[in-house]
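# Secondary and tertiary structure notes
Each chain, written out:
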Amino acid sequence: MNKTFLSIIVGIVVMLLVFVGIKDSLTRPTLNRIPISNYTAVDIVKKFDDSLYNMPLSKIQTNYVFVKGDGSVYNVVDNNKIDKMISLTQHTISTGNHFAWEVIIFPKNITYYVDHITGQVISSK
C-alpha cells in the first residue's frame, strides 16, 4: 500500500512539474524564435525597397502590430495582447496571422509589415 501510494504521488508531482515547465516555456522565446528589433525591420524594408536606402530614420516610424490574413491590422498592448483594429492593408503573403513591425515611410506614404520573427515582408500598402 505504501509503495503504491508513493508511486502515485511521485507520478502526480512529475506530471505537475512537466505541465508547469511546458506552460512556462510558451511565454519565453527560444533561440530560433527570438523576435527582431524595429531597427532590424527598418533595415529589412530598406533592402526590400532600394529607393529607401538613403532614407533618414527621422522619416520612418515603426509600430508593433498584429496583422490578420485578411489584411486587418490591430494595435498590440501588454505583451502580444490584441487591442482594437487600427487599419487595413493587403492580404498577407501567407494568408496567415502575424505579429509584425509596421514600418511607415512618411515622405512616400508607404507602409510595410515585417514579421517579427522571420523578418519577411508579409504585406504593404
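Just so it is clear, the model here is predicted, and its values are computed rather than measured.

With that settled, the discussion passes to helix α2 (residues 38–48). Among all positions of α2, only Ala41, Val42, Val45 and Lys46 are buried. Around the axis of α2, the buried residues are gathered within 140° of arc, so they sit on the same side. Seen from the open side of α2, the exposed residues pointing more than 90 degrees away from its buried face are Lys47 and Phe48.

A few words now on the sheet that holds strand β1 (residues 60–67). Here six strands make up an open sheet; going across it, the order is β3-β2-β1-β4-β5-β6 and the pairing antiparallel. Looking along the sheet, the strands with just one partner apiece sit at the ends: β3 (81–88) and β6 (121–124). Taking the axes of each pair of neighbouring strands and ignoring which way they run, one obtains an average angle of 40° across the sheet. Sheet topology places strand β2 (residues 72–77) next to β3; five bridges connect them, and they run antiparallel. Following the sheet pairing, valine 77 is matched in β3 by lysine 81.

So, how was this worked out
- Residues numbered from 1 in each chain as written.
- Predicted model: local features only at pLDDT ≥ 70, side-chain atom pairs only at ≥ 80, totals over all residues.
- Heavy atoms only, no water.
- Buried < 20%, exposed > 50% of the residue type's maximum accessible area, 1.4 Å probe, protein only.
- Helix = DSSP H or I, 4+ residues; strand = E, 2+ residues; numbered from the N terminus.
- Arc of directions from axis to C-beta.
- Pairing = 2+ DSSP bridges.
- Axes fitted to C-alpha atoms, helices over the stretch in contact; angles between N-to-C directions.

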